[in-house]
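# Remarks on the overall topology
Here's the letter readout for the chains.
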Amino acid sequence: MHRYRFVFLRPLQFLPVIFGISIITFILVRLIPGDPARVLLGTRATPTAIANIRAQFGLDEPIWLQYLYFLRNLANGEMGKSILYKIDVLKLIATRIEPTLALVVCSVLLSIAIAVPMASIAARNAGRGPDHAVRIISTFGIGFPPFWLGLMLIILFSVKLDLLPVSGYGATFGDKLSHLILPSLTIALSLSTVLTRSLRAAMIEGLKSDVATAARARGMPERIVFWRHVLPNSLVPTINLLAVNTGWLIGGTVVVESVFALPGMGQLLVRAIFSRDYMVVQGVAMVFACATVLVNFLADIATVAADPRVKL
Amino acid sequence: MSARAVSLSHAGWRTFLGKRTMLVAGASILLFFILMAVFAPLIAPYDPILQDGSARLQAPSLPHPFGTDNFGRDILSRIIWGARIDLQIAFIGVVFPFVIGTIVGTVAGFFGGIVDAVFMRIVDIILAFPFLVLMLSIITILGPGLSSFYIAMALVGWVSYARLIRAQILVLKNNDYAVAAVSLGFGRMRIMFRHLLPNAIAGSIVFSMSDAVLVLLSGAAVSYLGLGVQPPVAEWGVMVAEGQSFITTAWWITLFPGLSIVCLAFGFSILGDALGELLGVHE
Amino acid sequence: AGVLTIGRREDSTTFDPIKSAQNVDNWVFSNVFDVLIRVDKTGTKLEPGLAESWTISGDGLTYTFKIRDAKFSDGSPITAEDAAFSLLRIRDNKGSLWSDSYKIVETAEATDPKTLTVKLKTPSAPFLSTLALPNVSVLSKKAVEAGEDAFAELPTASSGAFIVKEWRRGDRVILEKNPNFWQADRVKLDGVEWISVPDDNTRMLNVQAGQLDTAIFVPFSRVEELKKDANLTVLTDTSTREDHLLINHEHGALAKKEVRQALDMALDKKAIVDTVTFGIGTVANSYIPKGSLYHYDANYQYPYDPAKAKAMLADAGASNLSLNYVVNAGNEVDEQIAVLLQQQLAKAGVIVNLQKVDPSQSWNMLIDGSYDISVMYWTNDILDPDQKTTFVLGHDTNMNYMTRYKNDKVKDLVAAARLELDPKKREALYVEIQKLAKDDVHWIDLYYSPYINVARKNVENFYQNPLGRFFLEDTVKN
Amino acid sequence: MSAAILSVRDLTVKAHLDDETRILLDAVSLDLAKGEILGLVGESGSGKSLFCRSLVRLLPSSRLKIEAGSVLLEGQDLTAISDAEMLNIRGGEIGMIFQNPSSHLDPVMRIGDQIAEGIRYHQGLDGKSARRAATEILSQVGFPDPICQYQSYPHEFSGGMRQRAMIAVALSCNPKILIADEPTTALDVTIQAQILQLLMELRDRRGLSIILITHDLGIVAQTCDRIAIMRGGKLLEEGPKRQILSRPRDPYTIKLIHSHPSMPDAEPVAEVAVAAAPVKPILEIDDLHVRFRVGGSLFRGSAVKTVSAVSGISLQIMPGETVGIVGESGSGKSTLARAVLGLTPLTSGHISFEGADLALQRQASLKKLRREAAMVFQDPFNALNPRMTIGQTIGEVLLVQGKIAKADIPQRIDELLDLVGLDREFASRKPRSMSGGQCQRAGIARALAVDPKLIIADECVAALDVTIQAQIIDLFRELAARMNLTLLFIAHDLAIVRNLCARTIVMYRGEVVEDGPSEQVFSRPSHSYTASLVAAIPDINPDKSLFSDARRVPQSIPSIKSMP
Ligand SMILES: Nc1ncnc2c1ncn2[C@@H]1O[C@H](COP(=O)(O)OP(=O)(O)OP(=O)(O)O)[C@@H](O)[C@H]1O
Ligand SMILES: Nc1ncnc2c1ncn2[C@@H]1O[C@H](COP(=O)(O)OP(=O)(O)OP(=O)(O)O)[C@@H](O)[C@H]1O
Ligand SMILES: [Mg+2]
Ligand SMILES: [Mg+2]
């Protein structure tokens, strides 16, 4: 299957992107005013203590030298030590990666589970009541700030109805899953609206398309026309939309993780930014970037799988 | 085969309105907020930042239809004044990315080759870059406030527009009228900006409407993380974020600004949908 | 019996006590490690910890501690050797954030397995208090030397009431009762889970929904509502927290004492207490908080008088005063105070420009002096007032807590008070200092506020002392 | 008309638009006999497709409604039955083939599955038997390796194969009637002949009745038994093929027949007396090669392949010549044209326009070209900027070229519009509000605005109706004669070239295989490829059979296009 040959070659393309991101994060975090040593020591820090910390983490070196060290570490598969947590950044990230990953996956699945039926209903009733209803719901879904929405969900489902845990993550699989429902729903409510809009448009197009006409002309009932011909043809733009939105989605997890106290990378990142834990910010940014690149890569594979015409 | 001249008689307008309900509805919502912003000093019943220690945390009532916050400030007045800031956020937060992205996308798509490759790698990098890291870093570098927010939005947001426009230009530049323009000896600038861009831009205009919603929400998220506009300025996102602590005791502090965001977002969305239909844009 | 779950804002960062200066860590340190000398529940007295008793030589330079018969959780005995090791480690270790505070220690040695002898370079009244810091807890020499990094991850031996069973990073620290703790009989709980829930609302909702037993850091705004909940008790424990308005004495008119006094009069602290703390705090009148050692209750309090303030400003030639107010972004209370102060000062004709920056940056701005006024708070780490006094008034390296306040008379008094070992005389010195500082308006004291925590009704004796330590040894969960 | 399998009576379809109700089909009555091929002919928009779609109640929009009339299929009125019953009629009784197989086949479903889908649904067969049946049908429509081709996706096929696949899908449920809506319009003449032959064979083998929609009378003449002519939603006349072709009654039919390019009485092209004096050629092409890199790029992997679109062409074009370039799709005609105009980089060889060599002095000769050569494009709508009025479009050219003073531009625009036979008021119209023919005239006016010596027209009439085609060709003929233009006319319709051009060049796979005076090329083709091309033109005279053994087109699938 030569159409899939890009799978082996594409990763080469990632290198410049990852490299670019490493430089940008490196410079960016160091441009932020404020000093990790001071954050670490608090307001009562003495100048000697601060100098001591700076020396310990190599922050007194010139930036370019720090970057070279960083690259050298990277080549050895390390990302330096967290200033705040004093452990290896990769090790730290490894402890935090699962909740974020699980959250993203659940949100995407849930969004799809919401978007496909919504879009189908809308598209098959285009211009009529159900269509308008879907459009109104989805515009409302996107308008609410997620932190507010999340809190409302907690109040409703956890406090009032006592159905689901308020926050946190859990230890067993089932436990984790029940903790993920509300946060995923919070993200899915906005993500699904984006997907619904795109799917709906593609489906309406598809229902009017020649492919659908041809299927009807050979006597296929509307059900088959829709599920066998229209839906598969609508998927590709949606897959790409999802891929493009990964960065945004990951950004969204930051707020949701903090509302739902999920011990993921988003929380780690926010705390790292506010405490100027350079190495951790760098590390998380790189991991996020790699994840985005990877998701786009997977989306490419999915696109190729979903549409035999596509060559990459 | 003669084309019918378009004349909008009275009845014509009626059918126009009939066909364009969405457009009209979206535009009206937007207009409503614009008027609200413009005439804020006239219609707001109270000074939006004036604190009244005797009227703290009052539930909605006749003198304060939307209630008051923990400083005794009138929520309605703050929402009305907030419209100024939020419309500004939506507008500026979209315009700069739009302009930058459009220019970059046009140039990259038109010239192709190395120019395109370089721009697209930059786009890749920014897309892969966690949006919030960039946003938070830039805002902390420049100090919280609107201008930092705009700069952050512009640095990140242009990418979507550049991608959209570039994709369009790549298709359009092989169109016969573009080839014709080349064969007739037109200059590159003319071809790019007079022939290609006007035909490529509809998608971006539609997208800019939903982008405005995202910008508003990013503003709110930034407020949640404490980096929103400087107090005591009234801004809806900040109002929702600040009101969070009263969410169970004084729901009105968050609900009304929240609803304002939703309504404005709603206006933008349906305007975007309608424009999309009008301009024949397929998402 | 039972496992107590506590919700807090942030997760621990490490278990190596010398490598953290964060409250989040100190709370857990004091559950897991014991110190030689403890601060009691009231926060005003020292009491024996692992040191059964101690003596101080006449010159105030030599301290001799008798180490109690106690064991680490791994069963090995706690010796003077371990105590000396811990004290020297916090002074000498490269990664220690506290070296400076223990530089005063000349030597520390185990003269016999149960006797620790410490020699100081100079006499120091607050020295004993500093031994109560959780950061200088007694660690097992053997366990630490087996691997510092591993120890910081998960301490293998603890001298305190609990042992660390598991640390789910970002989520929770799980503690289990230490059967070898020398006061194990006192400990009722089977275990404790410190759970991080960053969002204030979520944290409160967790307790309301019964998914957490307790939550700390209750926002002022929630107290009223939580009190109404029949399942909950809202605990307000005296703290050493004091919120104050820093003034940059080097900036123009602010150098004039009269101007600073006028500002103090222009502020309606009662209104702040009412609006921001919902009446929970109390108006402050001294930099030494009410309830702590040597607090001078009768200290002068500038009256709220905007008209007089305006007049005074005019007299001082500062009628068009315009101030740059650095606000900590993301801090709800700070932002609220800022908004309030802005309006209050406007009444006295002072224009305040709010500049919101994120906290790590604002410290830099304060240190660099690029501010006019800014609100900060302080909570004592140690029982002795010396630490705060030195930082705030003693012309230390931090420019008197970034205010650039200079008064040599006060400076001398601070130094004298540090060396004075007689409590009576010391108190007199501190009263004098408090009076002078008030008169100079080195900063404007705003309010004291208690620690506010919330617990389910089935939790008893959940208590935080003024220095912030949680006495979970006594806590009961029914 | 005894054994009418399908009889349509007074079928009326109306469109309920916002501001008016339009009658799209006006009481059309027609009969289709068993085993008969009925040709439905008419200009674009006359309602041919709509008629066929209304037979199976697949109207393109919910605003269109069948208002009156009946459609009797073996006595059953299709306008009255339920939707569920209709499902069995569609595909089961009446199969449809569409003009554009590329867009009607599901791109993400295997060809075989698309065929099997109908079989399973209509005949209730299980997967395996459906698969076997589908494979059988594939071989019936001429796929040489049906088992393998069952697995293919539409995009892997050439146009001709796709149309065969489309037919296979339509046949999958054994319909009695096949409706073929312009099944060959998108195809090359040679492929067209193959498909038409396939349809006739199927009719013979299966006893199908076929309605064949087309706008090419030649096709009708070659394949149908009866002809029906439509215009503006009305059936103008109907009758046996020979009767209509030889004794048309309606004036429109007469015009249609007479504008057919293959009509023998179309005036022979006057051999333009190329000045005897040795003139220099206006255009000289010497051993031109144009290769394209396909697939691979530096990062995208997949080995870089090159396609030779033009390989080794040498030509000389004299001033004032009208040269037709013909050849099947993909033979490199457009590439040649673009290369001449400097729109595509040359791989090797030389092109010199009035002595300026494009390879050696690129800038200079491009400048010259831009001022003295112009191009007319295939798709008239696509060639004009949709956002500009015709006046703006032409004015812009005049402005940029700067050959005339700014003040004279409006006047010149009027002159140009007059020249191409457009009303002056069209200056303020946008392409969207104009018909294809009008747009093409505007495109020609834009080309003339350059005041060119050379015009290259690439398939400029392919997208137009026959009648409009004839008008445009007349316009070219007139312009060429009047303005002493050199015309390079690219087409794949040989009849048109024969009609317009004095000289014809035949291209095949990037090479020129024949070059000479048109009469000679068409009557005595020297290359076998030319011969097969000529043979595949459907003649309007039914007696010059397309399918007679002498002209027989090979039936095998591997079309020239799909060869490596
Ligand atoms: N959805 C629609 N709404 C309104 N009018 C329509 C619609 N579809 C087709 N028509 C009109 O119906 C008429 C007949 O169209 P039809 O497609 O049958 O023409 P045709 O003869 O097949 O033309 P062509 O040769 O271009 O395929 C046209 O005038 C067209 O404008
Ligand atoms: N830009 C390009 N990149 C790659 N291959 C191309 C390109 N343009 C043309 N080709 C290939 O070159 C060959 C000749 O194409 P060209 O368009 O010149 O054919 P044509 O004779 O004009 O066909 P048609 O009648 O379909 O217009 C074809 O195989 C085509 O696929
Ligand atoms: Mg048609
Ligand atoms: Mg071509």
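Residues numbered from 1 in each chain as written. Chains lettered and ligands numbered in written order. Predicted model: local features only at pLDDT ≥ 70, side-chain atom pairs only at ≥ 80, totals over all residues. Heavy atoms only, no water.

## Topic: the overall build of chain B
Looking only at helices and strands, one finds twelve helices and zero strands in chain B. Going from the N terminus to the C terminus, chain B shows its helices and strands as α-α-α-α-α-α-α-α-α-α-α-α. With the principal axes as the frame, chain B shows a C-alpha extent of 75 × 55 × 30 Å. Every one of the 283 residues in chain B was classed for burial, and the buried ones make up 59%. Only carbon and sulfur atoms are counted for the fraction: they give 70% of the accessible area of chain B, which is about 10900 Å². (Helix = DSSP H or I, 4+ residues; strand = E, 2+ residues; numbered from the N terminus. Buried < 20%, exposed > 50% of the residue type's maximum accessible area, 1.4 Å probe, protein only. Areas by Shrake-Rupley, 256 points an atom, 1.4 Å probe, with all protein chains shown as cover.)

## Some remarks on the nonpolar core
Within the largest apolar cluster, 307 residues are counted, with the highest numbers of intra-cluster contacts made by Leu116, Val118 and Trp194 of chain C together with Phe476 and Phe489 of chain D. No other element matches the 15 residues that helix H4 (residues 75-111) of chain B contributes to this core. Apart from the residues within four sequence positions on either side, tryptophan 194 of chain C is in contact with Ile6, Arg8, Trp27, Val28, Asn31, Asp171, Arg172, Val173, Leu175, Ile216, Phe470 and Leu472 of chain C. The next biggest cluster of nonpolar side chains, apart from the first, holds 87 residues, and it includes Leu24, Ile97, Ile210 and Leu245 of chain D. (Core = buried A, V, L, I, M, F, W, Y, C linked by side-chain atoms within 4.5 Å. Contact = heavy atoms within 4.5 Å.)

## Details of the sheet that holds strand E4 (residues 51-56) of chain C
Where strands meet in a sheet, backbone hydrogen bonds hold them as pairs that are either parallel or antiparallel. Residues and elements named next belong to chain C. The four strands are arranged E4-E5-E7-E6 in an open sheet whose pairing can be described as antiparallel. Each end of this open sheet is capped by a strand with a single partner; those strands are E4 and strand E6 (105-112). Shown here is a sheet whose adjacent strand axes are inclined to one another by a mean of 20°, direction ignored. Note that E4 and strand E5 (residues 62-67) share five bridges and pair antiparallel. Bridge pairing in E5 links serine 53 to lysine 66. (Pairing = 2+ DSSP bridges. Axes fitted to C-alpha atoms, helices over the stretch in contact; angles between N-to-C directions.)

## Describing the site of ligand 2
All names here are of chain D. Residues in contact with ligand 2 amount to twelve residues; listed here are only the nearest, Ser329, Gly330, Lys333, Ser334 and Thr335. Here an oxygen atom of ligand 2 sits 2.4 Å away from a polar atom, N or O, in the side chain of serine 329. Taking serine 334, its side chain carries an N or O atom lying 2.5 Å from an oxygen atom of ligand 2. In the complex, 62% of the free accessible area of ligand 2, which totals 640 Å², lies under the protein chains. Counting only elements with at least two residues in the shell around ligand 2, the list comes to strand E11 (283-297) and helix H12 (333-340). By residue number, the principal contributor to the shell around ligand 2 is H12, which donates three residues. Residues of the shell around ligand 2, tallied by class, amount to three nonpolar, six polar and three charged. (Near = heavy atom within 4 Å. Polar contact = N/O pair within 3.5 Å; in protein donor to acceptor, adjacent residues only side chain to side chain. Nonpolar A, V, L, I, M, F, W, Y, C, P; charged D, E, K, R; others polar.)

## Side note on a nonpolar patch on the surface
All names here are of chain B. Where nonpolar side chains cluster on the molecular surface, the patch consists of Leu31, Ile34, Leu35, Val38, Phe39, Leu42 and Ile43 and spans about 660 Å² of accessible area. Elements supplying a minimum of two residues to the nonpolar patch: helix H2 (21-38) and helix H3 (40-43). Per-element tally for the nonpolar patch: the top contributor is H2, with four residues. Mapped onto the elements of the fold, leucine 35 is located in helix H2. (Patch = residues over 30% accessible without salt bridge, like charges linked within 9 Å, V, L, I, M, F, W, Y side chains within 5 Å. Salt bridge = Lys/Arg side-chain N within 4 Å of Asp/Glu carboxyl O.)

## Describing the interface of chain B and chain A
In this assembly, 43 residues from chain B lie in contact with 46 residues from chain A. Of the roughly 4100 Å² buried where chain B meets chain A, counting both sides, 77% is carbon and sulfur surface. Here chain B is connected to chain A by zero salt bridges. Linking chain B to chain A there are two residue pairs in polar contact (both at pLDDT 80 or more). Of all the secondary structure elements, the ones that give two or more residues to the side of chain B that touches chain A are helix H5 (113-128), helix H6 (131-142), helix H10 (202-224), helix H11 (236-243) and helix H12 (252-279) of chain B. Considering every element that reaches the side of chain B that touches chain A, the biggest residue donor is H12 of chain B, with ten residues. (Buried area = accessible area lost by both parts, 1.4 Å probe.)

## Considering H4 of chain B
Residue and element names in this part refer to chain B. Taking 1.5 Å per residue, 37 residues should reach 54 Å; H4 reaches 52 Å between its end C-alpha atoms and fits that length. Within H4, 26 of the 37 residues are buried, which leaves the element mostly enclosed by the surrounding structure. Of the residues trailing H4, glycine 112 is marked for its positive phi of about 60°. (Expected span 1.5 Å × (residues − 1).)

## Here's the deal with the environment of tyrosine 177 of chain B
One can find tyrosine 177 of chain B in helix H8 (residues 176-183). Assessed through its relative accessible area of 4%, tyrosine 177 of chain B is described here as buried. Between the C-alpha atom of tyrosine 177 of chain B and that of leucine 142 of chain B, which follows or precedes it by 35 residues, the distance is 46 Å. Every residue in contact with tyrosine 177 of chain B, bar those within four places of it in the chain, is listed here: Leu172, His195 and Asn199 of chain B together with Asn382, Ala383, Leu384, Asn385 and Pro386 of chain D.

## Considering the site of ligand 1
All names here are of chain D. Close to ligand 1 lie 14 residues; Ser44, Gly45, Lys48, Ser49 and Leu50 are nearest. At 2.5 Å from an oxygen atom of ligand 1 is found a side-chain nitrogen or oxygen belonging to serine 49. Between ligand 1 and leucine 50, the relevant distance is 2.7 Å, taken from an oxygen atom to a main-chain nitrogen or oxygen of the residue. Coverage of ligand 1 by the protein amounts to 69% of the 640 Å² it exposes when considered alone. Those elements that provide at least two residues to the shell around ligand 1 are strand E2 (21-33) and helix H1 (48-55). In terms of residue count, H1 provides more of the shell around ligand 1 than any other element does, three residues in total. Class assignment of the residues belonging to the shell around ligand 1 gives a composition of four nonpolar, six polar and four charged.

## Remarks on the UniProt feature "domain: ABC transmembrane type-1" (unreviewed entry) in chain B
Under the feature "domain: ABC transmembrane type-1" (unreviewed entry), the UniProt entry names residues 83-272 of chain B. Taken end to end, residues 83-272 of chain B is 83% helix and 0% strand, and its first and last C-alpha atoms sit 20 Å apart. (UniProt positions renumbered as here; feature names shortened; annotations may be inferred.)

## A word on the side chain of glutamine 344 of chain C
Relative to the helices and strands, glutamine 344 of chain C is located in helix H12 (residues 332-347). In contact with glutamine 344 of chain C, not counting residues within four places along its chain, are Ala266, Leu267, Asp268, Ala271 and Ile272 of chain C.

## A short note on the interface of chain C and chain A
In this assembly, 45 residues from chain C lie in contact with 46 residues from chain A. A buried area of about 3800 Å², summed over both sides, lies between chain C and chain A, and 54% of it is on carbon and sulfur atoms. With a closest N to O distance of 3.4 Å, glutamate 10 of chain C and arginine 271 of chain A form a salt bridge. Between chain C and chain A we count seven residue pairs in polar contact (both at pLDDT 80 or more) in total. Of all the elements in the fold, those that place two or more residues in the side of chain C that touches chain A are helix H6 (148-153), helix H7 (200-208), helix H13 (359-368), strand E17 (373-378), helix H14 (386-393) and helix H15 (399-402) of chain C. With five residues, the top contributor of residues to the side of chain C that touches chain A is H13 of chain C. Its residues assigned to classes, the side of chain C that touches chain A comprises 14 nonpolar, 18 polar and 13 charged.

## Overview of the pattern of salt bridges
Under the counting rule described, the total for this entry stands at 71 salt bridges over all chains. Where arginine 205 of chain D meets glutamate 201 of chain D, a salt bridge forms, and the shortest distance between an N and an O atom there is 4.0 Å. Here arginine 205 of chain D and its partner glutamate 201 of chain D are both found in helix H8 (residues 189-206), four residues apart, which amounts to about one turn of the helix. Linked by salt bridges that have partners in common, Glu166, Arg168, Asp171, Arg172 and Glu193 of chain C make up one network.

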